[in-house]
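# What the coordinates show
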Amino acid sequence: MPKLNQNYQNLKESYLFSEIAHRVADYALANPDKKIIRLGIGDVTMPLGSHIIQGLHLGVDAMASPDTFKGYGPEQGYDFLRNAISAYYAKNGISVDAGDIFVSDGAKSDTGNISELFDMDNVILIPDPVYPVYVDSNLMSGKKITYLSGDADNQFLPMPDKNIHADIIYLCSPNNPTGAVYNRQQLKEWVDYALTNQAVILFDSAYEAFITDPALPRSIYAIEGAKRCAIEFCSLSKTAGFTGTRCGYTVVPKELVFAASDGRNMSLHAMWNRRQSTKFNGTSYIIQKGAQAAFSPEGMRQCQDNIRYYQKNARMIADTLTRKNIPFFGGIHSPYIWFECPNNMESWDFFDYLLSNAQIVGTPGSGFGKNGTRYFRLTAFGTQENTAEAMERFNKLF
């Protein structure tokens, strides 16, 4: 009989979005005449830009000729895409070496897999509320978690406590689920804290393209010293609509070198490269050609057109909540709107109420941690027509 990984017993019975899908499916089966509007999962609805489609076609066409056919590619990503990503950083005033960039199938995989680089005996700080993958991936491996409390008092942007030592710190800005964004001074405090504690910040910037204020950092590497203490995870899922196409990238600077227990220095860059070379066969050449097109001037213009579309949806949701005097966060530099459940309802109760009475699907805040128990998340990734209709229903309900 195999000895099983009993750490799985510490997980919730089902992944948050699987539970949502199950409840919605049951409601739809019992109410086939009801139109359900889904503003829960952060999945995009706008099609890929035409320039990206052209890039994908170039990748497909290359597979049709023996002169251009591609088999196994580099696990780290093709140079043409790594260089394009490095140039994208440069346009935002940030220097990132192409050799520090690892192309992947999305930030979700990398934020989950990165924990393999770290020993069990670490103090791991994770914000609450938080994207469930950070928590679940550490629980699966038996690591212990210390939670950072995010709430209305600190605008859901928890800051370091100098009285607490940490080794690994998870940060997400713009935040999922709350939509909150760290400013430059706040991130500097985190970088200074990490350097003092010889800690590593795992920084998820999957939603950086939604930041419109140039004063707000779109990368942890906008902060001096961050390359000595931070790994950054990025995604084309929301930037370019690649939720179904799958492409992301992780930056692991070569400066990230720490002493092992035997006194020898170990490079996180080298470790991640070794991990990826062993466990990952690389992102499809076809997909990487599409991603390269996304980073071109025309590709970026089309991506920004789609982002502005979703930002308009966010404003519709925010305006509705404002009229109803319902406190909320996000919706400005983020596609997520995080609000207090009306009438002090618990978030899963509000989920059922909203589904049953308005046929709107959102995400219960308690799925992101105990601090989300009386909060709810809506996304701006629906169509404008469905978002407008959902807000009309919401307006009549409260």
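The present account deals with the structure reproduced in this document. (Residues numbered from 1 in each chain as written. Predicted model: local features only at pLDDT ≥ 70, side-chain atom pairs only at ≥ 80, totals over all residues. Heavy atoms only, no water.)

This part covers the overall build of the protein. For the protein, the helix and strand inventory stands at 12 helices and 15 strands. By the compact-globule yardstick of 21 Å for 398 residues, the protein fits well, its C-alpha radius of gyration being 21 Å. In terms of its C-alpha atoms, the protein occupies a principal-axis envelope of roughly 60 × 55 × 55 Å. Accessible surface computed for the protein: about 18000 Å², of which carbon and sulfur atoms make up 51%. With 37 positive and 41 negative side-chain charges, the protein shows a spacing of 2 Å between the two charge centroids. (Helix = DSSP H or I, 4+ residues; strand = E, 2+ residues; numbered from the N terminus. Rg over C-alpha atoms; globule rule 2.2 N^0.38 Å. Areas by Shrake-Rupley, 256 points an atom, 1.4 Å probe, with all protein chains shown as cover. Lys, Arg positive; Asp, Glu negative; His and termini not counted. Charge placed at Lys NZ, Arg CZ, Asp CG, Glu CD.)

Moving on to helix α9 (residues 285-294). A large share of α9 lies buried, amounting to eight of its 10 residues. Within the span of α9, buried status applies to Tyr-285, Ile-287, Gln-288, Lys-289, Gly-290, Ala-291, Ala-293 and Ala-294. Elements in contact with the buried residues of α9: α2 (50-62), α3 (79-91), β2 (101-104), α7 (236-239) and α10 (297-323). (Buried < 20%, exposed > 50% of the residue type's maximum accessible area, 1.4 Å probe, protein only. Contact = heavy atoms within 4.5 Å.)

What follows covers the packing of aromatic side chains. Under the counting rule described, the total for this entry stands at 28 aromatic pairs. Plain terms: the ring middles of Phe-80 and Tyr-285 are 5.9 Å apart, the flat faces sit at 90° to each other, and that makes the pair edge-to-face. Here Tyr-285 lies in helix α9 and Phe-80 lies in helix α3, a separation of 205 residues in the sequence. When the ring of Tyr-353 is compared with that of Phe-398, the centres are 6.0 Å apart and the planes differ by 50°; the resulting orientation is tilted. Residue Tyr-353 is located in helix α11 (residues 347-358), and its partner Phe-398 is located in the segment after α12 (384-397); the two are separated by 45 residues in the primary sequence. According to the relative accessible area criterion, Phe-398 is partly exposed, its value standing at 25%. One aromatic cluster is present, built from ring pairs that chain together Phe-17, Phe-156, Phe-329, Trp-338, Phe-368 and Tyr-375. (Phe/Tyr/Trp six-rings, centres within 6.5 Å; stacked < 30°, edge-to-face > 60°.)

Applying the stated rule across the entire model yields zero disulfides. The thiol of Cys-229 is not disulfide-bonded; the next cysteine sulfur, from Cys-234, is found 15 Å away. Looking at the unpaired Cys-303, the closest cysteine sulfur is the one in Cys-247, lying at 12 Å. (Disulfide = S-S within 2.5 Å.)

The interhelical angle for the contact between α11 and α12, taken along N-to-C directions, is 105°, at an axis separation of 10 Å. With respect to α12, the element α11 is oriented roughly perpendicular. Across from Phe-350, Tyr-353, Leu-354, Asn-357 and Ala-358 in α11, the residues of α12 making contact are Arg-393, Phe-394 and Leu-397. Residues belonging to the contact of α11 with α12 are distributed by class as follows: six nonpolar, one polar and one charged. (Axes fitted to C-alpha atoms, helices over the stretch in contact; angles between N-to-C directions. Parallel < 35°, antiparallel > 145°, perpendicular 65-115°, else oblique. Nonpolar A, V, L, I, M, F, W, Y, C, P; charged D, E, K, R; others polar.)

The subject of this paragraph is the sheet that holds strand β7 (residues 230-235). The strands making up a sheet associate through hydrogen bonds between their backbones, and the pairing can be parallel or antiparallel. Spatially, β2-β8-β7-β6-β5-β3-β4 is the arrangement adopted by the seven strands of the open sheet, whose pairing is mixed. Looking at strand neighbours, the two that pair on one side only are β2 and β4 (145-149), the edges of this open sheet. Neighbour to neighbour, the strand axes of the sheet diverge by 25° on average, direction disregarded. Pairing between strand β6 (residues 200-204) and β7: four bridges, direction parallel. Residue Ile-201 lies in a different strand from β7, and its bridge partner there is Ala-230. (Pairing = 2+ DSSP bridges.)

Put simply, Asp-128 and Pro-129 share a cis peptide bond, and its omega is 10°. Mapped onto the elements, Pro-129 comes out in the loop between β3 (124-128) and α5 (132-140). Backbone geometry at Asn-343 places phi at a positive 60°, although glycine is not the residue there. Residue placement: Asn-343 occurs in the loop between β12 (336-340) and α11. In this structure Asn-343 comes out as exposed when scored by relative accessible area, which is 68%.

Before going further, it helps to examine the pattern of salt bridges. Pairing between side chains becomes possible if they bear opposite charge and their charged atoms approach one another. Tallied over the entire structure, the rule returns 14 salt bridges. Note that Asp-262 is salt-bridged to Arg-264, the shortest N-O span being 2.9 Å. Given a relative accessible area of 48%, Asp-262 falls into the partly exposed group. A salt bridge links Asp-305 to Arg-308, with the nearest nitrogen and oxygen atoms 2.5 Å apart. Taken together, the residues Asp-305 and Arg-308, both in helix α10 and three residues apart, mark about one turn of the helix. Connected through salt bridges with shared partners, the residues Glu-298, Arg-301, Asp-305 and Arg-308 form a single ionic network. (Salt bridge = Lys/Arg side-chain N within 4 Å of Asp/Glu carboxyl O.)

As a further point, take α5. Summarising burial for α5: seven of the nine residues are buried, a large majority. Tucked inside the fold, the buried residues of α5 contact α1 (16-30), α4 (107-113), β3, β4, β5 (168-172) and β6. Note on α5: the residue one or two positions beyond its end, Gly-142, has a positive phi of about 85°.

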